[in-house]
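Examining the three-dimensional arrangement
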Amino acid sequence: MPSAYRTPRAHAAWDFSLPFLKRFRWLYAPDPVMAGYALRTTCTSLLALGIALWMELGSPQWAALTVWMVAQGTRGRSLAKARWHLFGMVLGVFSAIALVATCPQAPMLFIVLLALGIGSFCLIGTFLPGPATMTNYRIHGMRATGFTYAIISLDGITDPNHIFQIAAARATYIVLGIVLEASVSAIFQLGLARRTRQQLAENFESSLTPALQAISGLLAGKPGAMDNVHALFGNITALSDQVEFAEVELGRHDHAGDHARAALADIAILLARGLDLATLMRVPMSQDDAFHTQAETIRAFLDGLPSRLRALPGIDPLLDELRTLRHACRAEVVQAFDATTQDENTQSADLRHGMLQQALVELIDALRTALRQFDASRKPPVHDTFREPLHVYRDWHQAVTNSLRASLTVFGAGVIWVTTAWSDGLAFLMFVSIVCSLFSTLERPALATQSFFRGACCAILAGGILDLGLLGEAGSFEILAMWFGLAMLLGGLAFAHPPLTLSAVSYNLFLPIIVGPSNQGRTDEIIYFNTALPLFLGLFYATWMFRVVLPYDAAQQRWTMRENILRGLRDLAGGQRAATVDDIVARHVDRFVRLMNNAGGTSTPVVTAYLNGILSAMRVALNLLRLGTTARGAALPPGAKRALNMMLARMNHFSGRYGGHYGRTLRATRLAIATLRRNERHEQSPRIRFILIAALASLDIVATELDSNRSFFDARNPFLDPSNRHAPLQDHHAEM
């Protein structure tokens, strides 16, 4: 065959293999920082193993295992996880001793109490602040409690007379691993405080820049400028969760972390104000030449803000410019007051212009607050007492579900052990308990345990190669460290590759158990298979149970979330729930991010409808908060106050399970708009007119969101099926 025909085929074969090679880039071209993490943690783990062997401890593999459980990519993460792991270990030790002392010769009672204990720790962990992820180290404290509770009690139940010695030995391994990892990682953290402050600033800028770009595009009239708000909220949430690790690295000498967390929250509020502005800009007769001129001035400032923020030593010049822009917007509102025309259309246009200018004022106020908090995070004030706590959102239904799932899975494994009298049944029960302790607090544990199961299978394979081949004739610690360290280094490199992170955690966790290094001998074929089989079956059983017992139901979770949102709107309108702007934005962003993370294989139209509904509900809630404050004030005319109270009273019965009251709520909102508009036309006091314009802006946003997202707000359409839409109601602006 001529060479002209051979070359393209060879090139095509290379192109075909290239994507396959890229899957292993984490191995042959790792990130230098994460490669350093893998090497450092491997050396620390081997050091812990060597010390445990030198001390002639009975199960030295637990020291090496603990290092991998605690070690993270950054100093802050490692210290935070180590502290909570140590807390969980202490609590687990005392709980395990109490369990063994309670039922030393009652196996069924022991299994019941073991299952209830692990379920209780999962219940408590679900209530702790922060997201239900593996990087939430408060929850990890409860995971460590269940982990320690299981391994000590299951070892101690076979020898209850020596439970204190067993507990002391297990605690020694864990403390040894924690102390070594913390000590070794501290050696490589030079200039940590400076780099941490720089990272906080970069996190703020990386969140602020795309938010400003979205708002700038909105002011320029760019279609779909706010469509990327989904990713922006997710990024803000992820960066906010990392602030607590920066606080650990900085120490509690100042409140830079609190200011950084508040600055990120203010960016979320800035986006919410941008969404309000986008809603008002869609209203007919809302934009004119004066608004476009003002919007262009603000847009030019926003476009240049990120570069100026990095170049300027302070933010005072920026705040001065924002103050000037705010005064200009307020002047436009006053100018709308001075219009004396009797033409109804012109009066309506002037009113819309004033409402848009008021929305710009609120946008500028949110940006000013964010910049102030950012500056305080860079240069914390002396004697600062500012606090920005983590938001806590407790879900009783999810907590009870997690607890029951873990308890039933552990109890089922215990029944299998008792009924079969399997000689390695305790090891099987221990592995099941470990998996339940680690993953039952997640929202979708079945997905996590699948990756964990694959990592355990890799650990079994690697352990077999080490035990049956490379370490078959090992006679010194040096030989053990060489081959064992190489196997652990591979797991550390895989940990840095996001698709393999959970599998790598499982691999690094179970590899020391499979290898089972000891001073008394080596792991032979019998010991290897008697360890590998319970591990394989235990993880396979736990993975299967998580898919069968109270499985995650995406549709039910979305419906429950929607019910809670509608109930929150009713409580907010009725004054039954005290709330702030920060609380409302943070709660809805948390729901928004949870829905995106758990979307899975759900059809895109349904997920999109729920995402849009959550954002719409956030805007409705923010404006209900303002309307409630306005209605409780004494400055409004009687007719306007009565209309607002009627609208809020109707909203207090909004979209309940029976009847829905959706149409009545929308009509009451339109009636309030008409009433306040009439009052605004005849009001002489500038202060009252300012209040009426702000209230009209909020009412317009509420009415527009209720009308455009009826499929979400009308409870008679429970599952948001795109093919089953209600007929849209008549446009409320036409009625006005």
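Quick summary incoming for the structure in this document.

Cut-offs used in this document
Residues numbered from 1 in each chain as written. Predicted model: local features only at pLDDT ≥ 70, side-chain atom pairs only at ≥ 80, totals over all residues. Heavy atoms only, no water. Helix = DSSP H or I, 4+ residues; strand = E, 2+ residues; numbered from the N terminus. Contact = heavy atoms within 4.5 Å. Disulfide = S-S within 2.5 Å. Buried < 20%, exposed > 50% of the residue type's maximum accessible area, 1.4 Å probe, protein only. Salt bridge = Lys/Arg side-chain N within 4 Å of Asp/Glu carboxyl O. Axes fitted to C-alpha atoms, helices over the stretch in contact; angles between N-to-C directions. Parallel < 35°, antiparallel > 145°, perpendicular 65-115°, else oblique. Left-handed = near helix turned anticlockwise from the far one by under 90°. Phe/Tyr/Trp six-rings, centres within 6.5 Å; stacked < 30°, edge-to-face > 60°. Lys NZ or Arg CZ within 6 Å of the ring centre and 35° of its normal.

1. Examining the environment of R299
Its place among the elements puts R299 in helix 12 (residues 289-311). R299 sits 87 residues away from L212 along the chain, and the two C-alpha atoms are 8.7 Å apart. What R299 contacts, discounting residues up to four positions off in sequence, is S216, L219 and A220.

2. Concerning the state of the cysteines
Summed over all chains, the structure comprises zero disulfides. Cysteine C458 remains unbridged, with the sulfur of C457 as its closest cysteine sulfur at 7.0 Å. Under the relative-accessibility criterion, C458 is labelled partly exposed at 45%.

3. Examining unusual backbone geometry
Phi at A421 takes a positive value of approximately 55°, unusual for a residue other than glycine. Note that A421 resides in the loop between helix 15 (396-420) and helix 16 (425-439). A relative accessible area of 64% means that A421 is categorised as exposed.

4. Considerations on the pattern of salt bridges
Enumeration according to the criterion identifies 17 salt bridges in this entry. Through salt bridges that share partners, E296, R299 and D303 make up one connected network.

5. Remarks on the packing of helix 25 (residues 662-682) against helix 26 (residues 686-708)
Contact geometry for helix 25 and helix 26: axes closest at 9 Å, N-to-C directions at 155°. Taken together, the axes of helix 25 and helix 26 are roughly antiparallel relative to one another. For the crossing formed where helix 25 meets helix 26, the hand is left-handed. Contact with helix 25, carried on its side by Y662, T665, L666, T669, R670, A672, I673, L676, R677, N679 and E680, involves R689, L692, I693, A695, L696, L699, D700, V702, A703, L706 and D707 of helix 26 and no other residues of that element.

6. Describing the packing of aromatic side chains
Tallied over the entire structure, the rule returns 18 aromatic pairs. Centroid distance W62 to F147: 6.1 Å. Interplanar angle 70°. Geometry classified as edge-to-face. Pair noted here: W62 is in helix 4 (residues 61-70) and F147 is in helix 7 (residues 137-156), with a separation of 85 residues, a long-range link. Taken together, a centroid distance of 5.8 Å and an interplanar angle of 85° make the contact between W84 and F87 edge-to-face. One end of the pair is W84 and the other is F87, both in helix 5 (residues 75-102) and three residues apart, which spans about a single turn. Residue W84 is classed as partly exposed on the basis of its relative accessible area of 29%. By relative accessible area, which is 41% here, F87 ends up partly exposed. Each residue in the set F431, F439, F452 and F510 is aromatic and connected to the rest through ring pairs, giving one cluster. Over the ring of F690 we find R330, and its NZ or CZ is 4.2 Å from the ring centre. Above the plane of the ring of F712 lies R562, whose end atom (NZ or CZ) is 5.5 Å from the centre.

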